[in-house]
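The lines below spell out each chain.
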Amino acid sequence: MTTENNDGRHVKEISPLEITNDDLAPNEQNNDNPSSTIEEQYHSEREQTKLRHWKESEYAAGLVETSWAEELETYRKGGGCCCCPNREALGQMFQEEIDPGCGCIFLSAVICSRLGAGRIGNMAILKERYVMVEVEDDGEDDEGQEQVDGFVDEEEGLSLHQRNKSSDNDSNNSAKKTKTKLVRKREIQLVVGPFWPMLLFITYPLIFGVSALTLWNGIPGKPWYVQIGWALMTGQLIRSLFNTGFRDPGMIQRHENPPPVNNDGDLDGEDRSRRRIGFRWGNEEGPWRWSDQAQSYRPKNSMYCPDCKVVIEEFDHTCPWTGTAIGKKNMSSFQMFVGLVFVCLIMDIFLLTAGSMV
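Now for a description of the structure that goes with this document. (Residues numbered from 1 in each chain as written. Predicted model: local features only at pLDDT ≥ 70, side-chain atom pairs only at ≥ 80, totals over all residues. Heavy atoms only, no water.)

### Side note on the overall build of the protein chain
Okay, so step 1: Looking only at helices and strands, the protein chain has 7 helices and 13 strands in total.
Okay, so step 2: Within the protein chain, the fraction of its 358 residues that count as buried is 31%.
Okay, so step 3: Of all intrachain contacts in the protein chain linking residues separated by at least 6 positions in sequence, the fraction that spans at least 24 positions is 66%.
Okay, so step 4: Surface exposure of the protein chain reaches about 24,000 Å², of which carbon and sulfur atoms provide 53%. (Helix = DSSP H or I, 4+ residues; strand = E, 2+ residues; numbered from the N terminus. Buried < 20%, exposed > 50% of the residue type's maximum accessible area, 1.4 Å probe, protein only. Contact = heavy atoms within 4.5 Å. Areas by Shrake-Rupley, 256 points an atom, 1.4 Å probe, with all protein chains shown as cover.)

So this is what it looks like as structure tokens:
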């Protein structure tokens, strides 16, 4: 409909019913921009939080989600893990570069998020506590004086200085006592590695199944000393496996700067022997190395575990049968477990076949 205005010009009036979708397209695009901006800002803040948590973490670990709940949320938004049927690219299941621990990490995200377990790299912290321990105090007070509260006049400050000086002289003339202080330290009591489903659903069922079969068919009728010996060996086997799979393998704390060391015994001929560097062997010199994966200095006898995503002291390998990495703190238990596996297996075979051989 057209109308004539005061100037004699014809002006077309548009009815609200004549407005098309093309006229509203720019407005709709403008309405879409805030939502996309908010989503991008959310992802950006989440990545910043992830990086900040990684760099401020207590242990030298790799870049992972801040918690198992966040890991589960990532799997849900990404379509699940490589072994889930709802993954968009199902063909990736048959690729050679697929992560072998993907399914285990997904189970860790599902179970540990409900249990409220902590996380260090791909290690799930089941039980921990904080204890007070004594450590060497390397810090020195200003001007060698005691730190006291309140006002101190010149005479009192002079007496404090003289007393500190005399005590320093006495300590230098004596055995040089080391100053200690109490600090609050995190102590991990129970922790499982990334392959804990294999430990719980394969290794332990095999041990309990064979042991139950031997107890039912092989033990009855045997001498008492054979029964006691078999029970002790089997119990020690189960205990050594528990100490290997549920204890700290030797996770290293984060060091932004290399700690001070004594140079007298660190660069001798024996210390320049060939050691494992990453996945190869070579000559290492110096007591500390920088780890890019953990963004931390590590001792030269430690290594970053790509499966556990944490630096392990005296790292040997990652054992899927025990579910975790093998390092300094669980190596003795692992060696005992491996030895007892063969001893108990031979004993079980002998007990099960002894009756049929008679």
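### With respect to the pattern of salt bridges
Okay, so step 1: Overall, the coordinates contain 7 salt bridges when judged by the stated rule.
Okay, so step 2: With a shortest N-O distance of 2.8 Å, Glu71 and Arg119 are connected by a salt bridge. In this pair, Glu71 sits in helix 2 (residues 68-77) while Arg119 sits in strand 3 (residues 118-120), placing the two residues 48 residues apart along the sequence.
Okay, so step 3: The partner of Lys328 in a salt bridge is Glu313, with the nearest N and O atoms 3.4 Å apart. Remark: Glu313 occurs in strand 11 (residues 310-313) and Lys328 occurs in the loop between strand 13 (324-326) and helix 7 (331-357); sequence separation between them is 15 residues. (Salt bridge = Lys/Arg side-chain N within 4 Å of Asp/Glu carboxyl O.)

### Section: a nonpolar patch on the surface
Okay, so step 1: A contiguous nonpolar patch, built from Leu200, Phe201, Ile202, Leu206 and Trp321 and spanning about 500 Å² of accessible area, is present on the exposed surface.
Okay, so step 2: As for its position among the elements, Leu206 is in helix 5 (residues 196-218). (Patch = residues over 30% accessible without salt bridge, like charges linked within 9 Å, V, L, I, M, F, W, Y side chains within 5 Å.)

### A few points about helix 5
For an α-helix, the turn length of 3.6 residues means that residues three or four places apart are oriented alike.
Okay, so step 1: Between its terminal C-alpha atoms helix 5 stretches 31 Å, which fits the 33 Å expected from 23 residues at 1.5 Å a residue.
Okay, so step 2: The largest bend in helix 5 is about 30°, located at Pro205.
Okay, so step 3: The set of residues buried in helix 5 consists of Trp196, Pro197, Leu199, Thr203, Tyr204, Ile207, Ser211, Thr214 and Gly218. (Expected span 1.5 Å × (residues − 1). Bend = angle between axes of the 7 residues up to and from the residue.)

### Thoughts on the environment of Lys127
Okay, so step 1: Of note, Lys127 is situated in strand 4 (residues 123-136).
Okay, so step 2: In this structure Lys127 comes out as partly exposed when scored by relative accessible area, which is 45%.
Okay, so step 3: Sequence separation between Lys127 and Gln189 is 62 residues, and the spatial gap between their C-alpha atoms is 5.4 Å.
Okay, so step 4: Not counting chain neighbours up to four residues away, the residues in contact with Lys127 comprise Ile188, Gln189 and Leu190.

### Quick notes on the nonpolar core
Okay, so step 1: In terms of nonpolar packing, the biggest core is built from 20 residues, with Trp68, Leu237 and Leu241 touching the most fellow members.
Okay, so step 2: Of all the secondary-structure elements, those providing two or more residues to this core are helix 2, helix 3 (102-115), helix 5, helix 6 (224-245) and helix 7.
Okay, so step 3: Filtering out sequence-adjacent residues up to four positions away, Leu241 remains in contact with Leu199, Thr203, Tyr204, Ile207, Thr322 and Phe337.
Okay, so step 4: Counting residues in hydrophobic clusters, the runner-up holds 15 residues, among them Val191, Met251, Val310 and Ile312. (Core = buried A, V, L, I, M, F, W, Y, C linked by side-chain atoms within 4.5 Å.)

### Some words on the state of the cysteines
Okay, so step 1: Here the structure, examined in full by the defined rule, presents 0 disulfides.
Okay, so step 2: Looking at Cys308, it has no disulfide partner, and the nearest cysteine sulfur is the one in Cys305, 3.7 Å off.
Okay, so step 3: Judged by its relative accessible area of 0%, Cys308 is buried. (Disulfide = S-S within 2.5 Å.)

### Digging into the sheet that holds strand 3
Okay, so step 1: Strand order in the open sheet formed by 3 strands is 3-4-5, with antiparallel pairing between adjacent strands. Each edge of the open sheet is held by one strand with a lone partner, namely strand 3 and strand 5 (180-192). Within the sheet, the average angular offset between the axes of one strand and its neighbour, ignoring direction, is 45°. (Pairing = 2+ DSSP bridges. Axes fitted to C-alpha atoms, helices over the stretch in contact; angles between N-to-C directions.)

### Here we look at helix 2
Okay, so step 1: Along helix 2, the positions that sit buried rather than exposed are Trp68, Glu71, Leu72 and Tyr75. On an axial view of helix 2, the arc spanned by its buried residues comes to 100°, and they lie on one face. (Arc of directions from axis to C-beta.)

### A closer look at the packing of aromatic side chains
Okay, so step 1: Within this structure, the stated rule accounts for 6 aromatic pairs.
Okay, so step 2: Ring centres 5.6 Å apart and planes at 15° place the aromatic pair Tyr204 and Phe208 in the stacked group. Of this pair, Tyr204 and Phe208 both sit in helix 5, 4 residues apart, which is roughly one turn of the helix.
Okay, so step 3: Taking the relative accessible area as the measure of exposure, Phe208 reaches 43% and is therefore partly exposed.
Okay, so step 4: The aromatic ring of Trp68 is capped on one face by Arg119, whose charged end is 4.1 Å from the ring centroid.
Okay, so step 5: The ring of Tyr130 is capped by Arg184, whose NZ or CZ atom sits 4.1 Å from the centre of that ring. (Phe/Tyr/Trp six-rings, centres within 6.5 Å; stacked < 30°, edge-to-face > 60°. Lys NZ or Arg CZ within 6 Å of the ring centre and 35° of its normal.)

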